[in-house]
Amino acid sequence: MIKNCIYSLFVILLLTCIGLPNVHAQRIVRADTIQKSIPKDTASKSQDLQTTVFYSAVDSTVLDADQQIVNLYGGAKVKYGNISLEAEYIRLDWAKNEVYAKGTFDTTSKKMVGLPVFTQGSDKYDSDEIRYNFKSKRAIIKGIVTQQGEGFVQGKNVKKDEEENLYIRNAIYTTCNLSHPHFNIRASKIKVVGKKEIISGPFHFELNDIPLPIGLPFGFFPYSQPKEAGKSGILIPTYGEEPSGRGFYLRDGGYYWAASENIGIRFTGQIYSKGGWGLGANSQYNKRYRYTGSFNLALNRNNSGSEFSPSTRTDFALQWSHSPRSLGNSSFSASVNIASNSYNQFNTFNTQQYLSNTIGSSVQYTKAIGQNFRSGISLRINQNTTTRIFDAGTDFNLGLNQFQPFKKKNAIADRFIDQFRIGMDFSGTVSLTNQVSDLYTRYEFDVYPRESNSQRGIIQKPFIPKNADDLPPGVIPLNGSTLPMLLEKAQTKFNYSIPLSLPNIKINPYINLTPGISWSGNMYTRSYKYTYMPSDSTVRIDTVGGLPKFSSQISFSASMNTRVYGTMRFTKGRLQAIRHTMAPSISLSYTPDYSDPTYGYYQDVRINNRKFINNNGEEQVGDIRRISSFDPRQLSYGGASGSISFGIQNTLEAKLKTKSDTATKESEKINILDNFGINGSYNLLAKEYNLSNLSFNANSRIKQFDINIGGNLDPYLYVPDQSFAVVGRRTPDLMVAKGEGFARLQSFNLSIGKRFAPAKGQGEKVSKNATEAQLKQINRNRDDYVDWNIPWSFSFSYQFSMNRAGLAPSQNISGLTFQGDLSLSEKWKFSFSSGYDFKYSGLTYTNISVHRDLHCWELNFNWTPIASPFYGRASNYSFDLRVKSSLLQELKISRRRSFYDKGGF
């Protein structure tokens with residue numbers, strides 16, 4: 001070994017002295033994993049190499065000084081910058097700045113081993129042979145296999161240029177990761193343009209080596225970036241026939257633009273054979289640990305399709321959702337949904353949106369100022385697509401967290417007065433609406449003046465539009481000409497509240513009494529004066545301006561609570577003790593009657609000329625209604641209120657000896673009853689029926705069974721009375737006072753449920769291939785996903801509910817719902833969900849699905865044989881055979897039926 005080292009040193013010194021870049025002798029150096037390098041300043045006179053070339057071989061290294069060639073045998077490796085090459089045999093040719101690699105034939109296994117693996121940056125190429133030039137950065141490859149995003153490209157003859165473009169002959173493209181894929185797209189030539197796109201010449205589709213008569217003269221294949229943003233590309237439209245008369249359609253086709261790894265935008269369009277069209281833009285964005293959101297904008301021009309009286313309609317919709325993760329002391333969120341009144345009816349394909357007639361939007365911003373102050377502002381827009389009422393407003397708030405004004409900074413212990421707390425909440429709203437007068441039944445009187453005398457004294461019927469653009473009485477269209485009037489009628493309202501927390505009073509060591517006072521009120525920019533007009537039998541409403549108007553009220557409260565424990569011990573058996581915890585509470589509240597007209601917040605207004613005898617036995621002319629001085633639409637008002645609320649919560653625990661003598665703990669605790677509570681209230685100011693109904697609830701978990709119980713008890717006596725049919729007449733007498741029991745059970749509900757699965761299927765789902773948001777979605781909706789790692793699962797839930805009005809027979813509902821899945825094999829998954837209605841003796845909504853994992857393909861079959869036997873809905877099914885990869889998700893065979901589509905395959 002020493003002799004070899006001395007000889008190598010002599011050769012190096014000789015080369016240095018004569019100044020030659022090559023070696024004029026041949027020598028075989030055998031050394032395991034000996035690594036050598038050629039520095040860039042001595043490798044070539046022309047300085048073609050830009051950095052050091054490192055090479056090594058496990059078997060042997062052969063230097064050919066005359067030809068300037070290095071031969072590497074057995075586990076050969078070459079590294080040059082971001083390029084690395086591994087193969088059984090590699091030849092370095094310094095004269096040509098070239099490296100050549102190939103595998104060798106193993107006579108034992110009768111196959112090629114050590115085939116070249118070429119890596120450049122994040123790109124990896126498996127091949128039979130490869131020749132690469134360091135100077136031109138070009139390569140010739142035979143038998144290539146390379147992964148481009150989620151797809152794989154194979155080819156017999158490949159050329160690679162200096163811009164990392166690949167020119168492949170006799171190529172196939174697939175998303176199957178097998179060396180012999182289940183399916184592929186075969187083309188005579190394919191070009192991989194950098195990391196942007198894959199372009200092919202004429203191609204056809206092959207399934208299990210069977211050529212199919214499906215092909216095109218050229219194609220653009222998707223290429224996904226390793227980042228989450230994906231890759232920009234063309235969206236293939238869906239097709240079918242619209243049942244509403246617009247004809248055949250191409251829908252949701254367009255272009256997807258991956259703007260960055262945080263945002264992607266879909267530009268889509270739709271076209272109908274009878275003249276309709278639509279444009280849309282949809283964006284999803286996500287900033288990890290900061291925010292997520294979506295944005296959708298749609299504009300549709302619809303044609304009714306009628307040949308004799310065609311009509312067109314333009315609809316639009318805007319949705320924006322922004323969900324932040326609170327960072328620092330401020331937060332911004334948005335949920336905007338604005339659409340034309342007929343958009344959901346004519347353009348949506350979502351069942352819930354199709355049935356909905358209300359659209360609401362809100363944008364909020366909150367900010368904390370220091371530790372005591374908080375502020376916020378929001379914008380809201382609500383619209384009803386049936387009544388066409390539009391309501392918009394801005395809300396803001398400013399608050400002061402409760403603090404202790406009398407507490408000293410360096411106080412060691414709290415004094416009694418230190419417990420005094422005070423805070424403040426101030427909020428305001430500016431509202432705007434296109435409902436300038438009463439709809440039809442909001443007022444019990446006629447507002448002066450009506451459009452015509454014939455409408456006076458007539459209760460208007462509910463508004464039923466005949467045409468899509470019809471507006472009900474009192475609602476004006478929202479446009480530029482009506483906006484000044486709507487702004488003039490805008491109402492501004494301010495609210496304030498000053499909660500006061502008084503010091504806790506300890507009645508004894510176990511009972512706390514907490515009193516409280518709240519001072520709240522409103523401030524308005526305008527008020528109204530009501531005048532009855534006897535000649536017209538109407539009420540005139542006059543707006544009163546001037547200084548802001550105030551209304552305020554003070555309420556008082558007090559609460560008291562404690563906790564009581566009781567333990568029963570046992571000396572025999574495993575049961576050692578049972579512990580009962582009882583937490584009773586009681587609270588008192590009182591608010592004076594601020595609806596009295598002497599305060600000025602409400603007015604008693606005569607509304608008609610009717611003559612009758614009132615409750616005092618006197619003749620009276622005209623009914624009197626009490627109306628808010630600040631809102632003519634507010635007819636309901638509250639008088640003085642004073643009530644006592646009470647409740648009691650109970651828990652029951654057991655202490656058991658452990659079964660095993662080797663256990664680390666001598667005993668264990670189990671919950672017998674997680675909670676059992678009764679709640680009610682007593683109205684101190686009511687003339688009768690002071691006691692409210694008593695509600696009770698209980699829940700427990702016994703051997704993984706979830707049990708929930710709830711109900712309602714009526715303490716008042718019912719007596720038979722023909723005037724009240726089978727329900728009977730409710731009397732102000734308590735049942736317990738008449739010896740009829742404690743109370744009558746008016747409602748009761750019970751639910752029992754459990755999920756059965758192997759132990760490994762009970763925990764949270766984890767995956768290295770899913771994002772944090774995807775895992776949250778899966779764990780929240782486990783029934784929507786197939787878990788191939790769990791061989792089976794089954795869950796059921798039994799529900800029973802009873803409702804009874806007075807003496808009438810009870811109405812009972814009883815049903816069982818169940819669902820589960822079963823892995824028939826490693827690749828087959830069978831899922832089902834159904835239920836049974838014991839009242840109607842029939843199955844409820846039933847769904848059966850079959851999933852088949854076909855390696856790079858998947859088969860899904862969903863069948864709903866029973867949708868709803870009570871409402872006449874037909875069953876439906878869907879069948880999908882598709883490629884798993886999202887890149888070729890449109891490569892599928894589908895058959896389905898839905899409520900909006902008549903299309904077939």
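Residues numbered from 1 in each chain as written. Predicted model: local features only at pLDDT ≥ 70, side-chain atom pairs only at ≥ 80, totals over all residues. Heavy atoms only, no water.

(A) Quick peek at the overall build of the protein chain. For the protein chain, the helix and strand inventory stands at 6 helices and 60 strands. In the protein chain, of all internal contacts separated by at least 6 residues, the share reaching a separation of at least 24 is 48%. Looking at the protein chain as shown, the accessible area adds up to about 54,600 Å², and 56% of this sits on carbon and sulfur atoms. (Helix = DSSP H or I, 4+ residues; strand = E, 2+ residues; numbered from the N terminus. Contact = heavy atoms within 4.5 Å. Areas by Shrake-Rupley, 256 points an atom, 1.4 Å probe, with all protein chains shown as cover.)

(B) Summary view of the environment of G546. Tracing the backbone shows G546 in the loop between β38 (538–544) and β39 (549–561). The spacing of G546 and R526 is 20 residues in sequence and 7.3 Å in space, taken between C-alpha atoms.

(C) Spatial organisation of the pairing of strand β10 (residues 117–120). Residues F118 and Q120 line the buried face of β10, whereas the alternating positions V117 and T119 sit on a face that is not buried. Here strand β6 (residues 83–93) runs beside β10; their pairing, made up of 4 bridges, is antiparallel. Of the residues in β10, the one forming a bridge with I83 is Q120. When β10 meets strand β11 (residues 123–126), the two strands line up antiparallel, connected through 4 bridges. Bridge pairing in β11 places T119 opposite K124. Here β10 folds back onto β11, and the loop between the two strands holds 2 residues, one of which, G121, carries a positive phi near 65°. (Buried < 20%, exposed > 50% of the residue type's maximum accessible area, 1.4 Å probe, protein only. Pairing = 2+ DSSP bridges.)

(D) Inspection of the nonpolar core at higher detail. Ranked by internal contacts, the top residues of the largest apolar core, which has 45 residues, are L72, I90 and L92. Setting aside residues up to four positions removed in sequence, L72 forms contacts with Y55, S56, A57, S60, T61, K77, V78, E88, Y89 and I90. Counting residues in hydrophobic clusters, the runner-up holds 7 residues, among them Y528, Y532, V539 and I627. (Core = buried A, V, L, I, M, F, W, Y, C linked by side-chain atoms within 4.5 Å.)

(E) Structural detail: a positive patch on the surface. Taken together, the side chains of R569, R579, K655 and K669 make up a positively charged region of the molecular surface. By the secondary structure assignment, K655 is in strand β46 (residues 641–657). (Patch = residues over 30% accessible without salt bridge, like charges linked within 9 Å, V, L, I, M, F, W, Y side chains within 5 Å. Salt bridge = Lys/Arg side-chain N within 4 Å of Asp/Glu carboxyl O. Lys, Arg positive; Asp, Glu negative; His and termini not counted. Charge placed at Lys NZ, Arg CZ, Asp CG, Glu CD.)

(F) Fine view of the pattern of salt bridges. One pass over the full model with this rule turns up 13 salt bridges. K829 serves as the salt-bridge partner of D821, at 3.3 Å between the closest nitrogen and oxygen. Taken as a pair, D821 and K829 share a single burial class, namely buried.

(G) Structural context of the environment of A101. Its place among the elements puts A101 in strand β7 (residues 98–102). Residue A101 is classed as buried on the basis of its relative accessible area of 0%. Sequence-distant contacts of A101, that is, excluding residues within four places in its chain, are made with L85, A87, Y89, I90, P116, D128, E129 and I130.

(H) Geometry of the pairing of strand β26 (residues 291–303). Note: strand β25 (residues 277–287) against β26, 11 bridges, orientation antiparallel. For G278, the partnering residue across the bridge sits in β26 and is N300. The antiparallel pairing of β25 with β26 creates a hairpin that spans 3 residues between the two strands, and Y289 there sits at a positive phi of about 65°. Strand direction decides the pairing type here: β26 and strand β27 (residues 312–324), joined by 13 bridges, are antiparallel. The residue bridging L299 from the neighbouring strand is F316, located in β27.

(I) Just the packing of aromatic side chains, in detail. Within this structure, the stated rule accounts for 28 aromatic pairs. Within the aromatic cluster, the residues linked to one another by ring pairs are F705, F756, F794, F796, F818, F830 and F832. The residue whose ring lies beneath R251 is Y249, and the NZ or CZ to ring-centre distance is 3.7 Å. Over the aromatic face of F756 sits the side chain of K754, whose NZ or CZ is 4.8 Å from the ring centroid. (Phe/Tyr/Trp six-rings, centres within 6.5 Å; stacked < 30°, edge-to-face > 60°. Lys NZ or Arg CZ within 6 Å of the ring centre and 35° of its normal.)

(J) Highlighting the state of the cysteines. If you walk through the whole model with that rule in mind, you get 0 disulfides. The cysteine C176 is free of any disulfide, with C856 supplying the nearest cysteine sulfur at 3.5 Å. (Disulfide = S-S within 2.5 Å.)

(K) Molecular detail of a nonpolar patch on the surface. A grouping of W519, I554, F556, I586, L588, Y590, F646, Y682, L684 and L685 is seen on the molecular surface, where their side chains present a nonpolar patch of about 860 Å² in accessible area. With 3 residues, the top contributor of residues to the nonpolar patch is strand β41 (residues 575–591). Within the fold, I554 resides in strand β39.

(L) Expanded view of the side chain of N675. Positionally, N675 belongs in strand β47 (residues 667–683). For N675, a relative accessible area of 17% puts it in the buried group. One polar contact links N675 to N697, side chain to side chain, over a distance of 3.0 Å. Residues contacting N675, with those up to four places away along its chain left out, are Q649, N650, T651, N697, A698 and N699. (Polar contact = N/O pair within 3.5 Å; in protein donor to acceptor, adjacent residues only side chain to side chain.)

(M) Quick look at empty space enclosed by the protein. Going through the model one piece at a time under the given rule, you end up with 1 cavity of 30 Å³ or more. Taken together, V78, K79, Y80, I83, S84, L85, V99, F118, Y132 and F134 make up the full set of residues lining the largest cavity. When contributions to the lining of the largest cavity are tallied by element, the ones reaching two or more residues are β5 (69–80) and β6. Considered class by class, the residues forming the lining of the largest cavity number 8 nonpolar, 1 polar and 1 charged. (1 Å grid on protein atoms, 1.4 Å probe; cavity = no way out; pocket = protein on both sides within 12 Å on 5 of 7 lines; lining within 4 Å. Points joined across faces, edges and corners; volume = space filled by probe spheres on them. Nonpolar A, V, L, I, M, F, W, Y, C, P; charged D, E, K, R; others polar.)

(N) Layout of the confidence of the model for the protein chain. With 77% of its residues at a pLDDT of at least 70, the protein chain reaches an overall mean of 77. Across the protein chain, strand β50 (residues 716–719) holds the top mean pLDDT of 94, while strand β1 (residues 26–29) sits lowest at 34. Within the model, the stretch residues 1–35 combines pLDDT values under 50 with 41 contacts to residues more than four positions away or in other chains. In the model, residues 898–905 has pLDDT below 50 throughout and makes 24 contacts with residues more than four positions away in sequence or in other chains. (pLDDT = per-residue confidence, 0-100.)

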